[in-house]
Amino acid sequence: WHMRLPRVLFALVIGAALGLCGALSQGLFRNPLADPGLLGVSTGAACAAALCIVIGASLPQTLALSLPEGWRSYSLPLAAFAGALATCLCLDSLARWLTPGSVSGLLLTGIALNALAAACIGVCTYLSNDEQLRNLSFWTLGSLAAASWPMLALMAAMLAGLALCLPQIARQLNALALGSEAAQQSGVVLSRLRWQVVLAVAILTGAAMAWCGAISFIGLVAPHLVRIWLGADQRKVIPGAMLSGALLLLLADTLARTLALPAEIP
């Protein structure tokens, strides 16, 4: 009740969120290689976490001790979540300024932010000491070991709230698959759809990375598995990607916990 069940359910919820983010990204960009990392959201969260680990340790001890004891353990997850949202806001501002109304321009801007955040992570790695480097390595590998009932409830509530909008988004992504002009003629407001998807991906990816660290591949492969079985209709791909992502992450976490007993593979 306190350890195994929250972790199993947490793996299902995080996997479903990552699968959903992958399906939304691929549907928006009409690119089968798109995933949350392509927008720079994942790398932005990792960059904020790296800055928290390296720069936070160099803050004056009196400032660190001034935080309440219960808040200190949340500093890294909150930094990662703030990094994901900050990346989303930068993406919005830059894309509106550089390539207004262009989906491909949005993608290229995300790739540029991704590169900048990765460079910042590299600098943090270079400046870190042995202990900080170990913390960075464990955080970037990802783990579900910190699962708890409050985290599970928060993530499930966010996923359930977004699920209410998914039928409408799925219909609009189906229209977008025919091309931008066809989608606009069928009544789809591309700018609104674009930022609905980007914001949803930023929130879910940021929350997932805040608690679990970097977990890759799930968002990329889960929608592909569903398309093989059910076709390209987004009304089937989106819920199917959530289910397949949940099962994939649960399988991966089970293997990580059992293959190297009594140790755990990050």
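All of these numbers come straight from a predicted model, not from anything done at the bench.

Re the overall build of the chain
Then comes step 1: For the chain, the helix and strand inventory stands at 13 helices and zero strands.
Then comes step 2: Along the chain, from the amino end to the carboxyl end, the secondary structure elements read α-α-α-α-α-α-α-α-α-α-α-α-α.
Then comes step 3: The globule rule puts the C-alpha radius of gyration for 266 residues at 18 Å, and the 19 Å found for the chain is close to it.
Then comes step 4: Viewed in the frame of its principal axes, the chain has a C-alpha envelope of about 60 × 45 × 30 Å.
Then comes step 5: Looking at the 266 residues of the chain, the share that counts as buried comes to 45%.

Side note on helix α1 (residues 4–29)
Then comes step 1: With 26 residues, α1 extends 38 Å between its outermost C-alpha atoms, agreeing within 8% with the 38 Å of an ideal straight helix rising 1.5 Å per residue.
Then comes step 2: α1 sits mainly inside the fold: 21 of its 26 residues count as buried.
Then comes step 3: Immediately beyond the C-terminal end of α1, within one or two residues, lies Arg30, with a positive phi of roughly 50°.

Focus: the packing of aromatic side chains
Then comes step 1: For the structure on display, the rule yields one aromatic pair.
Then comes step 2: For the pair Trp1 and Trp149, a centre-to-centre distance of 4.9 Å together with 40° between the ring planes defines the contact as tilted. Taken together, the residues Trp1 in the segment before α1 and Trp149 in helix α8 (residues 149–163) connect sequence positions 148 residues apart.

Section: the confidence of the model for the chain
Then comes step 1: In this model, the chain carries an average pLDDT of 86, and 93% of its residues clear a pLDDT of 70 or more.
Then comes step 2: The weakest mean pLDDT in the chain belongs to helix α3 (residues 61–65) at 46; the strongest belongs to helix α13 (residues 234–258) at 96.
Then comes step 3: Here residues 61–65 is a poorly scored stretch, pLDDT under 50, and it has two contacts once near neighbours within four places are set aside; other chains count.

Regarding the side chain of Ser42
Then comes step 1: Inspection of the secondary structure puts Ser42 in helix α2 (residues 41–56).
Then comes step 2: Once residues lying within four places of it in the same chain are set aside, the contact partners of Ser42 are Pro36, Gly37, Thr205 and Met209.

Quick notes on the rules
- Residues numbered from 1 in each chain as written.
- Predicted model: local features only at pLDDT ≥ 70, side-chain atom pairs only at ≥ 80, totals over all residues.
- Heavy atoms only, no water.
- Helix = DSSP H or I, 4+ residues; strand = E, 2+ residues; numbered from the N terminus.
- Rg over C-alpha atoms; globule rule 2.2 N^0.38 Å.
- Buried < 20%, exposed > 50% of the residue type's maximum accessible area, 1.4 Å probe, protein only.
- Expected span 1.5 Å × (residues − 1).
- Phe/Tyr/Trp six-rings, centres within 6.5 Å; stacked < 30°, edge-to-face > 60°.
- pLDDT = per-residue confidence, 0-100.
- Contact = heavy atoms within 4.5 Å.

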